[in-house]
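Residue-level structure breakdown
The lines below spell out each chain.
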Number of protein chains: 2
Amino acid sequence: METTQRTDQQRSADRRRRELLEAADRVVLRDGPGASMNAIAAEAGITKPILYRHFGDKGGLYAALAKRHTDALLEALRAALDAPAERRERVEATLDTYLAAIEARPQVYRFLMHPSEGGPQSDQGFDVGTHSTPLLRRMGEELAEVIEERVDLGPASHLLARAWGHGIVGMMHAAGDWWLGERPCSRAELVHALADLLWGRLAAAGDKLGGPAF
Amino acid sequence: METTQRTDQQRSADRRRRELLEAADRVVLRDGPGASMNAIAAEAGITKPILYRHFGDKGGLYAALAKRHTDALLEALRAALDAPAERRERVEATLDTYLAAIEARPQVYRFLMHPSEGGPQSDQGFDVGTHSTPLLRRMGEELAEVIEERVDLGPASHLLARAWGHGIVGMMHAAGDWWLGERPCSRAELVHALADLLWGRLAAAGDKLGGPAF
DNA sequence: GGCTACCGTTACCGCAAGTAACATGTAAGT
DNA sequence: ACTTACATGTTACTTGCGGTAACGGTAGCC
């Protein structure tokens, strides 16, 4: 029958697709996001047109590649976020999970967040904004849902939760990016600093003596 | 003498440079960051090699272009940040300044933050990560300095201030990006929501009833 | 054997970054 | 006035990438 054939082919195509993605992963992680389609094809032992048959265009390949890593990270974050613990513990665990992930595989992280600055030849890399934002956005939405679901924020809760979700994710991202670049302290210290910030320590701290007027 | 000559030529070269930058600005803001060097040269009424003589390569042009806008934005932020007012007022003013800036000129904003997604043809755009990060980084460092200088944070103040500086900037950026895309509320509302977050309202809020165990 | 469908290739197009080599105007040195 | 030197501009080219069209085997089915 046709259906069984179709599924067989589908199966084989899916396997091939996974192989290609793994090859692409290797190349991108080695050569940076500037990796050319030719290079990826070569790594996979085939030639360009096949890549295009599977992924449409370079953006398609990028998207597929990014989705794999993104999904993995999001799953880890969800676990930390949904753990049955006190709020601050959960927040710290989530921050730590994120930072641990980008610390463990900075190549992947840089690929997802800052494509096109990989190798020495920073020619035209992958299409960045179009595909890197989604990770932050998804994380923000996810966090927003958890906040709205768990925290009592009164009437404007929906708006607040979403603003906070995106804001907190951005905070985590920017601080993590800075930390990964300079390594100014241990992971735990950064987690603590950020949690303190979220816990209102900025508002609670006193003015420094000798400051300007007032 | 040679020196006077040099300065004269320098002057003329600088003027030319400024003209070229303005032309580049027009093109980039019109065609998106995918604008080709040819197009920019044409807009300026000259040809490619001249651009290369002035800016080295495309990254150089991008950097020069970004620096102009970045400097302008940073100056506005500094003003809001240094105003002689209470802390929360200053924070809100700074957030509002930033949001107002990206609201007023989204094209510029998108160019600085998310290059390479401009026009319908999202071919290879400018070199992104290499040059977009600096804005966030500079803002983070700037904010960190102000925090450390003004807020009494105890012994680990240097580290805390830097982590917070980058974190807060990241929060502002991510929330602003989301807000600019969806416009889910007024600017003032977002400012308020973010300031509330920084003021520890997340920690102070109660758990929602009917939540999971515990 | 012939037909179709798939997997793969070579060879090409278009286009953009970046460069080399050449032309020209203009100011100073003699 | 003639030459030298230099900045300014050009045309024409190379290289390399994304993307595609057209062709070539090789299985199964009739």
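Residues numbered from 1 in each chain as written. Chains lettered and ligands numbered in written order. Predicted model: local features only at pLDDT ≥ 70, side-chain atom pairs only at ≥ 80, totals over all residues. Heavy atoms only, no water.

To continue, consider the overall build of chain A. Secondary structure summary: chain A contains 10 helices and one strand in total. Each helix (α) and strand (β) of chain A, taken in turn from the N terminus, gives the series α-α-α-α-α-α-α-β-α-α-α. Of the contacts made within chain A by residues no fewer than 6 positions apart, 63% connect residues no fewer than 24 positions apart. Of the roughly 10300 Å² of accessible surface on chain A, a fraction of 52% belongs to carbon and sulfur atoms. (Helix = DSSP H or I, 4+ residues; strand = E, 2+ residues; numbered from the N terminus. Contact = heavy atoms within 4.5 Å. Areas by Shrake-Rupley, 256 points an atom, 1.4 Å probe, with all protein chains shown as cover.)

What follows covers the UniProt feature "DNA-binding region" (unreviewed entry) in chain A. UniProt tags residues 36-55 of chain A as "DNA-binding region" (unreviewed entry). Taken as a whole, residues 36-55 of chain A contains 80% helix and 0% strand, while its terminal C-alpha atoms sit 14 Å from one another. (UniProt positions renumbered as here; feature names shortened; annotations may be inferred.)

Before going further, it helps to spend a moment on the environment of B:Arg30. All names here are of chain B. Within the fold, arginine 30 resides in helix 1 (residues 2-31). Separated by 77 residues in the primary sequence, arginine 30 and glutamine 107 have C-alpha atoms spaced 8.5 Å apart. At 3.2 Å, the side chain of arginine 30 forms a polar contact with the side chain of aspartate 31. Side chain to side chain, arginine 30 and glutamate 43 meet in a polar contact 3.0 Å long. (Polar contact = N/O pair within 3.5 Å; in protein donor to acceptor, adjacent residues only side chain to side chain.)

Looking now at the side chain of A:Thr94. Considering the arrangement of structural elements, one finds A:Thr94 in helix 5 (residues 87-104). Not counting chain neighbours up to four residues away, the residues in contact with A:Thr94 comprise A:Leu77, A:Ala80 and A:Leu81.

Moving on to unusual backbone geometry. Leaving glycine out, the prevailing phi sign among residues is negative, and the prevailing peptide bond configuration is trans. All names here are of chain A. Although it is not a glycine, arginine 183 adopts a positive phi angle of roughly 50°. Among the secondary structure elements, arginine 183 is positioned in the loop between helix 8 (157-182) and helix 9 (187-198). Here arginine 183 falls in the partly exposed class, since its relative accessible area comes to 42%. (Buried < 20%, exposed > 50% of the residue type's maximum accessible area, 1.4 Å probe, protein only.)

Another point: the nonpolar core. Formed by 120 residues in total, the largest nonpolar core has its most connected members in A:Tyr98, A:Trp164, B:Tyr98 and B:Trp164. Look past the residues within four positions of A:Trp164 in its chain and what remains in contact with it is A:Ile147, A:Leu153, B:Ala193, B:Asp196, B:Leu197, B:Arg201 and B:Leu202. (Core = buried A, V, L, I, M, F, W, Y, C linked by side-chain atoms within 4.5 Å.)

As a matter of local geometry, DNA strand D sits amid 16 residues, with A:Lys48, A:Tyr52, A:Lys58, B:Thr47 and B:Arg53 nearest to it. Looking at DNA strand D alone, sugar and phosphate atoms form 48% of those within 4 Å of the protein. Between A:Met37 and DNA strand D, the recorded distance is 3.0 Å, taken from a backbone N or O atom to a phosphate oxygen. B:Arg53 has a polar side-chain atom sitting 2.3 Å from a base nitrogen of DNA strand D. When contributions to the surface near DNA strand D are tallied by element, the ones reaching two or more residues are helix 3 (48-55) of chain A together with helix 1 and helix 3 (48-55) of chain B. (Near = heavy atom within 4 Å.)

Here we come to the packing of aromatic side chains. All names here are of chain A. Throughout the structure, instances matching the rule amount to two aromatic pairs over all chains. Here the aromatic rings of tyrosine 62 and phenylalanine 111 are separated by 5.0 Å at their centres, their planes lie at 45°, and the arrangement is tilted. Residue tyrosine 62 is located in helix 4 (residues 58-82), and its partner phenylalanine 111 is located in helix 6 (residues 106-113); the two are separated by 49 residues in the primary sequence. Phenylalanine 111 shares its class with tyrosine 62; the two are buried. Stacked on the ring of tryptophan 199, the Lys or Arg arginine 88 has its end atom at 5.4 Å from the ring centre. In this structure, arginine 183 is placed above the aromatic ring of tryptophan 179, and the distance from its NZ or CZ to the ring centre is 4.8 Å. (Phe/Tyr/Trp six-rings, centres within 6.5 Å; stacked < 30°, edge-to-face > 60°. Lys NZ or Arg CZ within 6 Å of the ring centre and 35° of its normal.)

Another aspect to go through is helix 8 (residues 157-182) of chain B. All names here are of chain B. Its 26 residues place the ends of helix 8 37 Å apart at the C-alpha level, agreeing with the 38 Å of an ideal helix rising 1.5 Å per residue. Across the 26 residues that make up helix 8, a large majority, 22, are buried. Arginine 183 occupies a position one or two residues after helix 8 and carries a positive phi of about 45°. (Expected span 1.5 Å × (residues − 1).)

On to the confidence of the model for chain A. Note: predicted coordinates in regions of low pLDDT should not be interpreted at a detailed level. Residues and elements named next belong to chain A. Averaged over chain A, the pLDDT score is 86; the fraction of residues at 70 or greater is 84%. When mean pLDDT is taken per element in chain A, helix 9 scores highest with 98 and helix 1 (residues 2-31) scores lowest with 77. Throughout residues 1-6 the model reports pLDDT below 50, and contacts reaching past four residues in sequence, or to other chains, amount to zero contacts. (pLDDT = per-residue confidence, 0-100.)

For the rest of this paragraph, the subject is the packing of helix 2 (residues 37-44) of chain B against helix 3 of chain B. All names here are of chain B. Taken N-terminus to C-terminus, the directions of helix 2 and helix 3 make an angle of 95°; their axes are 8 Å apart at the nearest point. One element, helix 2, and the other, helix 3, form an angle in the roughly perpendicular class. Across the interface between the two elements, Met37, Asn38, Ile40 and Ala41 from helix 2 touch Lys48, Leu51 and Tyr52 from helix 3. Here the residues of the contact of helix 2 with helix 3 sort into five nonpolar, one polar and one charged. (Axes fitted to C-alpha atoms, helices over the stretch in contact; angles between N-to-C directions. Parallel < 35°, antiparallel > 145°, perpendicular 65-115°, else oblique. Nonpolar A, V, L, I, M, F, W, Y, C, P; charged D, E, K, R; others polar.)

To continue, consider the side chain of B:Arg87. Inspection of the secondary structure assignment puts B:Arg87 in helix 5 (residues 87-104). A polar atom in the side chain of B:Arg87 sits 2.6 Å from the backbone oxygen of A:Leu202. A distance of 3.3 Å separates the side chain of B:Arg87 from the backbone oxygen of A:Gly206, its partner in a polar contact. Not counting residues up to four positions away in its chain, the partners in contact with B:Arg87 are A:Leu202, A:Ala203, A:Ala205, A:Gly206, A:Asp207, B:Val151 and B:Trp199.

Next up on the list: the protein's contact with DNA strand C. Around DNA strand C, the structure places 15 residues, and the nearest of them are A:Thr47, A:Arg53, B:Lys48, B:Tyr52 and B:Lys58. Among all atoms of DNA strand C positioned within 4 Å of the protein, those belonging to sugar or phosphate total 51%. Note that a phosphate oxygen of DNA strand C is positioned 3.3 Å from one of the side-chain N or O atoms of B:Tyr52. A distance of 2.3 Å separates a phosphate oxygen of DNA strand C from a polar side-chain atom of B:Lys58. For the surface near DNA strand C, the secondary structure elements donating two or more residues are helix 1 and helix 3 of chain A together with helix 3 of chain B. Across the surface near DNA strand C, the residue classes tally to six nonpolar, four polar and five charged.

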